[in-house]
Amino acid sequence: MAVTHLQCRACKAQYELDARYVCERCFGPLEAAFDHSRLGGDVGELRRRIQGGPQNMWRYADFLPTVEGPPGPSGRLASRVGLPAGCTPLIRADRLAQRLGLREVWVKNDAANPTHSFKDRVVSVAAARARELGFGVLACASTGNLANAVAAHGAALGLETYVLIPADLEEQKILATGVYGARVVAVQGGYDEVNRLCTEISAEREWAFVNINLRPYYAEGSKTLAFEIAEQLGWELPDRCVVPIASGSLYTKLAKGFEEWRQLGLLEGELPRMNGAQAQGCAPVANAFAAGQEVCRPVKPDTIAKSLAIGTPADGPYALDLARASGGAVDSVTEEEIREGIALLAQTTGIFTETAGGVTTAVLAKLAARGDIDPSERVVLLITGEGLKTLDAVRGTFETTVIEPSFEAFEAFEARVHAPAAARAR
Ligand SMILES: *Cc1c(COP(=O)(O)O)cnc(C)c1O
Ligand SMILES: [Zn+2]
């Protein structure tokens, strides 16, 4: 394994690979550090090893911060096998591209994960590490999708689960959590209050909070999205990625994944331009980007994109750095644009996304309309969650006609909606 230690992002102090997330010296965030020379082999061998791995995100185990090897045929390393995530489709979306006046757009559909969001990736790594460290309880502070993933992965691994959510969460997400037998605690407040409470609990209980004391492990799981995109593009980098931002973890780790493989020689060329996407109702990073600030001012979220509703993004400053360094940007879109984004994606690709995907699709449309994207660019649009979890966002956006069960009634309906076509059929 290439992972070596945890390291403070700010002062570079080093720590053992245990359940901690904040630097004792400067209170900076800790991050997993790797020595890839430990992997041995040239580029060809590394690629063959990846390609010979399982058809899930554990094919990238060499680049993840768990210390056991990849799952063997004997099932020896069960912690890697619980509920395999990843290897989701990367689909070329020509009809979407055409609609936006672009040439090459790919949709990475991470709704095609076991609990229908990209959170299965981060929870896979955190849960595997929690087992390695001997924890019996898996927990989280969630904006919704994380609750589903923690509950499901905990169930698959036989861990007890506690899930804390804002009380006003979408019913679909609450139901798709409780079904796994999780203890669901609805907190009166937004995500930021839930997170504060969980930080307090984590100091009092010996629990593995995937996005608090196990955050350094959790965060690395997002890199597997970068690895997959590159592998699916034939070991090439895209020119641009459009990525949703809540805490900024996915956005920054996606770039870390591309960069690690570039340094290893597995990929060549420039890092993609990284475009962050937020809802205007919760846009601390987009606001800071627009104002040219280094840090985000906290906001009180008010948006249908609840999975992105974090008013105090932990990785905000790093997200701002990345947007500027990569030649990208962070944009925000209105509630109406989010709904239009959901419809545009559904009607041009057949993919039904939750509100977070409406945010990224709307930001892509905005960049295209603004002329920010060169026609020659290969763009990857990240879809991180499933539309069936946020049904309210599409309620009332179209009509269903009720008819009598007779052919005459059907013809009458047809004449009303498709008058010219019905005439032609006669
Ligand atoms: C959690 C989440 C994200 C991004 O979260 P980060 O905290 O920025 O890593 C994006 N999309 C969906 C659907 C999510 O649930
Ligand atoms: Zn430090």
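Just above, that's the structure.
Below is a short write-up of the structure. (Residues numbered from 1 in each chain as written. Chains lettered and ligands numbered in written order. Predicted model: local features only at pLDDT ≥ 70, side-chain atom pairs only at ≥ 80, totals over all residues. Heavy atoms only, no water.)

This part is about the overall build of the chain. Regarding its fold elements, the chain presents 15 helices and 13 strands. For the chain, whose C-alpha radius of gyration is 22 Å, the value lies close to the compact-globule estimate of 22 Å for 426 residues. By principal-axis analysis of the C-alpha atoms, the chain measures approximately 75 × 50 × 45 Å. Buried residues in the chain amount to 55% of all 426 residues. Counting contacts in the chain only where the partners sit at least 6 residues apart, residues at least 24 apart contribute 70% of the total. For the chain, the computed accessible surface area is about 18,100 Å², with 50% contributed by carbon and sulfur atoms. Positive and negative side-chain charges of the chain, numbering 44 and 52 respectively, have mean locations separated by a distance of 2 Å. (Helix = DSSP H or I, 4+ residues; strand = E, 2+ residues; numbered from the N terminus. Rg over C-alpha atoms; globule rule 2.2 N^0.38 Å. Buried < 20%, exposed > 50% of the residue type's maximum accessible area, 1.4 Å probe, protein only. Contact = heavy atoms within 4.5 Å. Areas by Shrake-Rupley, 256 points an atom, 1.4 Å probe, with all protein chains shown as cover. Lys, Arg positive; Asp, Glu negative; His and termini not counted. Charge placed at Lys NZ, Arg CZ, Asp CG, Glu CD.)

In this section: the coordination of the zinc ion (ligand 2). For the zinc ion (ligand 2), the full set of protein donor atoms is Cys 8 (SG), Cys 11 (SG), Cys 23 (SG) and Cys 26 (SG), and the range of their distances to it is 2.3 Å. In this structure, the zinc ion (ligand 2) is coordinated by 4 donor atoms arranged in tetrahedral fashion, with angles at the metal of 98 to 116°. Sequence spacing among the residues donating to the zinc ion (ligand 2) works out to C-x2-C-x11-C-x2-C. Within this pair, whereas Cys 8 is found in strand β1 (residues 3-8), its partner Cys 23 is found in the loop between β2 (14-15) and β3 (30-34), the two being separated by 15 residues in sequence. In this structure Cys 8 comes out as buried when scored by relative accessible area, which is 1%. (Donors = N, O, S within 2.8 Å, 3.2 Å for Na, K, Ca; no water. Tetrahedral: all angles 85-135°; square planar, octahedral: opposite > 155°, others 65-115°.)

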